[in-house]
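Inside the fold
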Amino acid sequence: MEAQLTGWNGGETARANSRDGESVGQDSILLQNCAELDELYRFTIRINRQIPFIADEHGAVISIAPLWGEWCGARLSDAMGYKFLSRIHPEDRAGLADAWANATRGAEAYVYDHRTRMADGSYRWFRCAAEKYYPEDGTAPRWRGLLSDIDELFRARAAAQASEARFRTAALATRDVIWEVDLQTRLVTFGDLITSFLGYDVEEITSSASWWREKIHPDDIARTSASFCACPAGERWVCDFRLRRVDGDYVHMQSRAFIARDATGRAIRVTGALADLTEERATRQRIERLQLEMVDSSRLGAAAALSAMLSHELNQPLTSLANFIRGARRLLHQGNPASHDSILMAMDAAATSALEAGTIVHRMSELVSQGEGRLSAQNLWEAANDARSLTCLDTAWNNVDIAIAPELHDFDVIGDRIQMRQVFLNIFRNAVDALRATREPMIRVTVTAAQEFVEVTIADNGPGFGGSKPEGLFAPFVTTKPNGVGLGLSICQMIIESLGGGIRAQQNPEGGATFLFTMPRVEPEPQNRQTAAG
Ligand code: ADP
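Residues numbered from 1 in each chain as written. Predicted model: local features only at pLDDT ≥ 70, side-chain atom pairs only at ≥ 80, totals over all residues. Heavy atoms only, no water.

The protein chain carries the name histidine kinase in an unreviewed UniProt entry, which gives Sphingomonas hylomeconis as its organism.

What follows is the structure, encoded as structure tokens:
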């Protein structure tokens, strides 16, 4: 086999040279050259990772370079005839055999890429290129061919293809158009999506930079090129501009690109992505408009809520005020000197109610403007007890038994005194309203604590929420009462949430309603603890 190859390589070369008609005196140099050329040829095919072979007219291998055996860890006889097929990757074998058989049936040339098993069991990609030739001695035609190791090239190309596919998928996902400008040739390449962005047919789009430049809005050209020139090396170039669509309208685009530079810092290529901002701009404008509308309506809403809250909260002290003055007037009218003290008491109570009304107005405006000026530790029992006293003054009270668990003494929360009392008061008043038709009406206030939080539960034995979901009751102006305003619970929620807590309501399994609010707890004042112990 080695002899065959030597004869094939050297012989062919020598014959070719002698046919050139060189003088006989040059023969020795020629022969020496032939030997060198032969050596050079062997070196070339080795360094290029190539394996020459010869096959007969039917494609059966009759001669192959020893390198094949070396690489494949096989004897050269294992390549002869069609035995080489057993070393072809199973996925490529049938295709290669078909292509080789087809070529030998009448073609003059053959090229096929396939994988061959190497000595270590791994497969490498080879390109087999062969051509038919006709020996001068008139014998049957043969095939001479070259197996070239293209493994690295092939894998690099496959990786590049995979990366390009990923790139395309990413572009599809982001709906960005990938583009590239070769600044040497001034040629522009755009991804397929550009046709749908601008409405041009594929044939209309050219790769000439001037064609693209014409599409930029005249007002944007100077700014765009100035921003490009000012882009520092190594930085991303980001620029918004308008591009003309086929129908003459302009679309807002944002281009984000990277400028590749040569060693001297000269820009040589720009690769980037173009995003259509038209929809985004329209959405942004819509959101800005909505925000303005919301600001307006929330201003109006806040004003309406404040006035409604005030009327709700002022109702009680103003009614008391009117009652006390009316009572005092009646006593004065009777002219009985014994009533003097009662009149003074009524006037004092009227003054207290008036002051209370003033404080409520003040606190309400603070609450709406998120004021936190007067926050301090408030004892839960005291707040609940104050609210109970006020509820009992109310004519609607109807002897409801309001029991406050003594454990409430043990817990303080940070809040405003009047606001905390207001929370209990609003919940108690609602319960009293709900308990009108209940025999032995009761309200129970209990407390549980968990780590930094304390949860207050206010349960009544009234009709409950009648199957409707209680979450909605906290929304402003939700009421089931004929004369209700629907603000009591939303005020409770606003107060509790402004103090870092939360409030909810639930239907009792045995009937009745329960309100629960949770707030961050603080160490109680010592005197409160003593009261609790007492
Ligand atoms: P208003 O008292 O003006 O109706 P609220 O916000 O205080 O406004 O209460 C909203 C609604 O929640 C009430 O109309 C009532 O239907 C319901 N509600 C509140 N507390 C109770 C309760 N203890 N039992 C049954 N329903 C209640």
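Still to come is the rest of the account.
**Brief notes about the site of the ligand**
Surrounding the ligand, one finds 19 residues, the nearest of these being Asn430, Thr479, Thr480, Lys481 and Gly486. Side-chain polar atom of lysine 481 to an oxygen atom of the ligand: 2.6 Å apart, as the coordinates give it. When the free accessible area of the ligand is taken as 530 Å², the share hidden by the protein chains comes to 93%. Elements with a minimum of two residues in the shell around the ligand: helix H12 (417–434), helix H13 (488–498) and strand S17 (513–522). Looking at the shell around the ligand element by element, the count peaks at three residues for H12. Considered class by class, the residues forming the shell around the ligand number 10 nonpolar, seven polar and two charged. (Near = heavy atom within 4 Å. Polar contact = N/O pair within 3.5 Å; in protein donor to acceptor, adjacent residues only side chain to side chain. Areas by Shrake-Rupley, 256 points an atom, 1.4 Å probe, with all protein chains shown as cover. Helix = DSSP H or I, 4+ residues; strand = E, 2+ residues; numbered from the N terminus. Nonpolar A, V, L, I, M, F, W, Y, C, P; charged D, E, K, R; others polar.)

**Regarding the sheet that holds strand S8 (residues 236–244)**
One open sheet accounts for five strands, arranged S7-S6-S10-S9-S8; its pairing is antiparallel. The sheet terminates laterally at strand S7 (187–190) and S8, the two strands that pair on one side only. Going from strand to strand, the sheet's axes swing by 25° on average, the running direction of each strand aside. Of the strand pairs in this sheet, strand S9 (residues 250–261) and strand S10 (residues 267–276) are connected by nine bridges, and their pairing is antiparallel. Note on S10: the bridge partner recorded for alanine 260 is arginine 269. Running over the sheet, helix H8 (residues 218–230) touches S8, S9 and S10 and is turned about 165° from S8. (Pairing = 2+ DSSP bridges. Axes fitted to C-alpha atoms, helices over the stretch in contact; angles between N-to-C directions. Contact = heavy atoms within 4.5 Å.)

**Remarks on the environment of leucine 499**
Summarising the element assignment, leucine 499 is placed in the loop between H13 and strand S16 (502–507). A relative accessible area of 12% means that leucine 499 is categorised as buried. Here the alpha-carbon distance between leucine 499 and methionine 420, two residues 79 residues apart in the chain, equals 10.0 Å. In contact with leucine 499, not counting residues within four places along its chain, are Leu375, Ile414, Gly415, Met420, Met519 and Pro520. (Buried < 20%, exposed > 50% of the residue type's maximum accessible area, 1.4 Å probe, protein only.)

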